[in-house]
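What follows is each chain in one-letter form.
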Amino acid sequence: MNLTMKHALKYFVLAAALIYPMLSFTNEYVLHVMVLIMVYMVLAMGLNIVPGFCGLLDLGYVGFYGIGAYTAGLLTIHFGLSFWVIIPLAALNGAIWGVLLGAPTLRLTGDYFAIVTFGFSELVVLFLTNEIWLTRGPLGLPGIDPVIIDFSWLSTLINPQWNWYWEFIGPQPYFYLGMFMVAMVYVIMGRMEDSRLGRAWFAIREDSIAASSCGINLLTYKVIGFAISAAIGAVAGAFLARWTMFLSPDMFKFWESFLILCMVVLGGLGNFKGSLVGAAILIALGEVLRIILPALNLPTETRFLAYGLIMVLMMRFKPMGFFPSIATQSQKNPILIKLKKELGSS
Amino acid sequence: MFEQQLINGLTLGMIYALIAVGYTMVYGVIQLINFAHGEIFMLAAFLAVTFITVFGLPIYVVIILTMGCCALIGVLLDIFAYRPLRQSPRLAALITAIGMSIFLQNLAMIIWGSRPKPFVQSALPPFLRTTALTVGDASISWLQLFIFGIASLLMIILFLIINKTRVGTAMRALSQNRTSAALMGINVNRVISFTFALGSSMGAVAGIMVAIYYNTLYPTMGYVAGVKAFAAAVLGGIGSVPGAMIGGIVLGIAEALGAGYISSLYRDGIAYAVMIAVIIFRPSGILGKSTVEKV
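Residues numbered from 1 in each chain as written. Chains lettered and ligands numbered in written order. Predicted model: local features only at pLDDT ≥ 70, side-chain atom pairs only at ≥ 80, totals over all residues.

Things to note about the overall build of chain A
Here is step 1 of the chain: Looking only at helices and strands, chain A has 16 helices and four strands in total.
Here is step 2 of the chain: Summarising its shape, the C-alpha atoms of chain A cover approximately 80 × 55 × 50 Å along the three principal directions.
Here is step 3 of the chain: Going through the 346 residues of chain A one by one, you find that 43% of them count as buried.
Here is step 4 of the chain: Within chain A, contacts between residues at least 6 apart in sequence are counted, and of these 76% link residues at least 24 apart. (Helix = DSSP H or I, 4+ residues; strand = E, 2+ residues; numbered from the N terminus. Buried ≥ 20, exposed ≤ 12 C-beta atoms within 10 Å, placed from the backbone. Contact = placed C-beta atoms within 7 Å.)

Here's what the structure looks like:
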């Protein structure tokens, strides 16, 4: 009964999300926020691989997001490549940087690795700010083309009167495109979690020494995880570039990394489905605070005060997030608890 | 040119060293990167200006008072944010530290506004900006001498506290093995609080120095300075107090020379690059001991 209710609710939410942009009372601003939520959903799912699956703290995720965004932006402006070509290229570039950064540093444990990723993302921002010949620096990169679906070559072959050429204008098409992207990443994450790769990551997270004595090559699996995570971040960046049509180095500051980390922690480390909820909650909260704070005569940047506080309180009272991953959930299994008790008392 | 850069770098390095000892001591004792340490440095600058403008206290009193306030903030930070998480995974404590850092930074933004402010010049003796002595082409201002003097004095005091007093011995014991230290009758929480107080008061002096030296203070100043000081601590070998001092000075000089001869645009980048290079090639730093993980 419980299960069917859950399923019904899930499909209802999905259907509502699909129909929503077509309704007459739909607000452009709300749609815009929802697209933003989708971008962060992808980012949060991608980040979850490193701290959630492998148990390594990544404080520089936004670096890959920025690399993806600028890759897409520059390729669009200088070469006019199609969005569908750019997505894999951005992912590839993200993954390359992931390997370059990960291969020498993933031998390190916990804190050192976190610091390296942090330094890397700061260097990315410095590069984007200072290499003006390439990125126009703090002025930003305006005039990136929107996403275009161009089948005119095919339509003119069939019938010269037809023109299958659509330019994405307004939030509706991006809403569906974003949804498609989230769905794809979701499916990929689900398949990875159940694969040999996913099980290797979990083993590393739970006990890396035990994992390596079972024949798991720690460095290889960690680098693969880091590269996949970077690639997903870069895809989100590429989407952002073609959606906002403007990029600036300020969009990729450290706070963004922290925000994404907040989403992952809120949803539960190691549970990528929770990341979706975490992203939705925090972005919605950010928008609400954006309205409330000026009313209280406070600068809008102070919404990070709330984020900081949420993180501290979460770690204090619910360190596993609102939706702990299944591995932790199974610890609550009555049979396991009974077994543990018996073993402990003997 | 070279001498001048060297002297500027040395001044900067002294300040980094003062902040870095705070990171390294806390790391040594509880293995936590206290991200909020940079924020204490920032709060010190703002508190000092507030004490001067609101209460009109003389600068020397203000420095002592700010040290005390920041020590208190450090202790409260430990008690309310970190102490409940002593037994939880390191990740949780690290995320809490970042959360507290962001919280304090935005709190300062709400209280004092986000625009950069100048330091209250009238509170400073006017001779500070004049040249004290010249070496070759380089000139050293009284302010720079003052920073050298205070920083060196504090380092010596710190060295004596750690090596010659009972509480310093307790700190060293704690950094070797917390459980054994507790079994020897050391009050662990009190020693940790003392470590936070000591580190925070050093950071407080650095904060005031930077505000005077650059004549500006803003709520995000703790972020960059904190990261650089942390880089210094890593460079010197995290957990090692003399290492942090050396690391700070080396980093300050590297930064001044790098900005002067390579590119001033990548000034901040030098610290990150040094940090990443050290972590990749020699994670134990200049003076740190490499640890072997036992199964």
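Looking at the overall build of chain B
Here is step 1 of the chain: Along its length, chain B carries eleven helices and two strands.
Here is step 2 of the chain: Along the chain direction, N to C, the helices and strands of chain B fall in the order α-α-α-α-β-β-α-α-α-α-α-α-α.
Here is step 3 of the chain: Relative to a compact globule of 295 residues, whose C-alpha radius of gyration would be 19 Å, chain B shows 19 Å and is just as compact.
Here is step 4 of the chain: Each principal axis of the C-alpha atoms in chain B carries an extent, and together these give about 55 × 45 × 35 Å.
Here is step 5 of the chain: Across the 295 residues of chain B, 51% fall into the buried class. (Rg over C-alpha atoms; globule rule 2.2 N^0.38 Å.)

Some remarks on the interface of chain A and chain B
Here is step 1 of the chain: Facing the 35 residues of chain A at the interface are 34 residues of chain B.
Here is step 2 of the chain: Where the side of chain A that touches chain B is concerned, the elements lending two or more residues are α4 (83-105), α5 (110-130), α12 (254-267) and α14 (303-317) of chain A.
Here is step 3 of the chain: With twelve residues, the top contributor of residues to the side of chain A that touches chain B is α5(A).
Here is step 4 of the chain: Residues of the side of chain A that touches chain B, tallied by class, amount to 25 nonpolar, six polar and four charged. (Nonpolar A, V, L, I, M, F, W, Y, C, P; charged D, E, K, R; others polar.)

Here we look at the confidence of the model for chain A
Here is step 1 of the chain: Averaged over every residue, the pLDDT of chain A is 83; residues scoring 70 or more account for 95%.
Here is step 2 of the chain: For chain A, the element scoring lowest by mean pLDDT is helix α15 (residues 326-329) of chain A, at 56; helix α11 (residues 218-244) of chain A scores highest, at 91. (pLDDT = per-residue confidence, 0-100.)

Digging into helix α2 (residues 28-54) of chain A
Residue and element names in this part refer to chain A.
Here is step 1 of the chain: Compared with an ideal rise of 1.5 Å per residue, which puts 27 residues at 39 Å, α2 spans 39 Å between its outermost C-alpha atoms and is within 8% of the ideal.
Here is step 2 of the chain: Bending of α2 peaks at approximately 45° at the position of N48, with proline P51 no more than four residues after it.
Here is step 3 of the chain: Of all 27 residues in α2, 21 are buried, a share of seventy percent or more.
Here is step 4 of the chain: Among the residues trailing α2, G55 stands out with phi positive, at a value near 75°. (Expected span 1.5 Å × (residues − 1). Bend = angle between axes of the 7 residues up to and from the residue.)

Focus: the pairing of strand β1 (residues 131-135) of chain B
All names here are of chain B.
Here is step 1 of the chain: Counting buried positions over the five residues of β1 gives zero, only a small fraction of the element.
Here is step 2 of the chain: Summarising the sheet, β1 and strand β2 (residues 138-141) pair through four bridges and their orientation is antiparallel. For V135, the partnering residue across the bridge sits in β2 and is A138.
Here is step 3 of the chain: Counted between consecutive antiparallel strands, the loop separating β1 from β2 contains two residues, among which G136 sits at a positive phi close to 60°. (Pairing = 2+ DSSP bridges.)

Thoughts on unusual backbone geometry
Here is step 1 of the chain: Look at M245(A): it is not a glycine, yet its phi comes out positive at around 60°.
Here is step 2 of the chain: Within the secondary structure, M245(A) sits in the loop between α11 and β4 (246-247).
Here is step 3 of the chain: Unusually for a residue other than glycine, Q31(B) sits at a positive phi of about 50°.

Observations regarding the environment of A236(A)
All names here are of chain A.
Here is step 1 of the chain: One can find A236 in helix α11.
Here is step 2 of the chain: Each C-alpha atom of the pair A236 and A114 lies 22 Å from the other, and the pair is 122 residues apart in sequence.
Here is step 3 of the chain: Excluding its chain neighbours within four sequence positions, the residues that come into contact with A236 are V39, V42, L43, G46, Y65 and G68.

Considering the environment of I228(A)
Here is step 1 of the chain: Within the fold, I228(A) resides in helix α11.
Here is step 2 of the chain: With 166 residues separating them in the primary sequence, I228(A) and V62(A) have C-alpha atoms 14 Å apart.

Observations concerning helix α9 (residues 196-206) of chain A
An α-helix turns once every 3.6 residues. As a result, residues three or four positions apart point the same way.
All names here are of chain A.
Here is step 1 of the chain: By the burial criterion, the buried members of α9 are A200, W201, I204 and R205. Here the buried residues of α9 occupy an arc of 135° about the axis, which is enough to place them on one side. In α9, the exposed positions that point more than 90 degrees away from the buried face belong to R196 and E206.
Here is step 2 of the chain: Those residues of α9 that are buried are in contact with α2, α10 (208-213) and α11. (Arc of directions from axis to C-beta.)

Details of the environment of I147(B)
All names here are of chain B.
Here is step 1 of the chain: Structurally, I147 is set in helix α5 (residues 142-164).
Here is step 2 of the chain: Between the C-alpha atoms of I147 and I15, which are 132 residues apart in sequence, the distance is 7.8 Å.
Here is step 3 of the chain: Apart from residues lying up to four places away in sequence, I147 is in contact with T11, M14, I15, M209 and Y213.

A short note on the confidence of the model for chain B
Here is step 1 of the chain: Averaged over every residue, the pLDDT of chain B is 86; the share at 70 or more is 97%.
Here is step 2 of the chain: Scored as a whole, the predicted complex attains pTM 0.84, and scored at its interfaces, ipTM 0.81.

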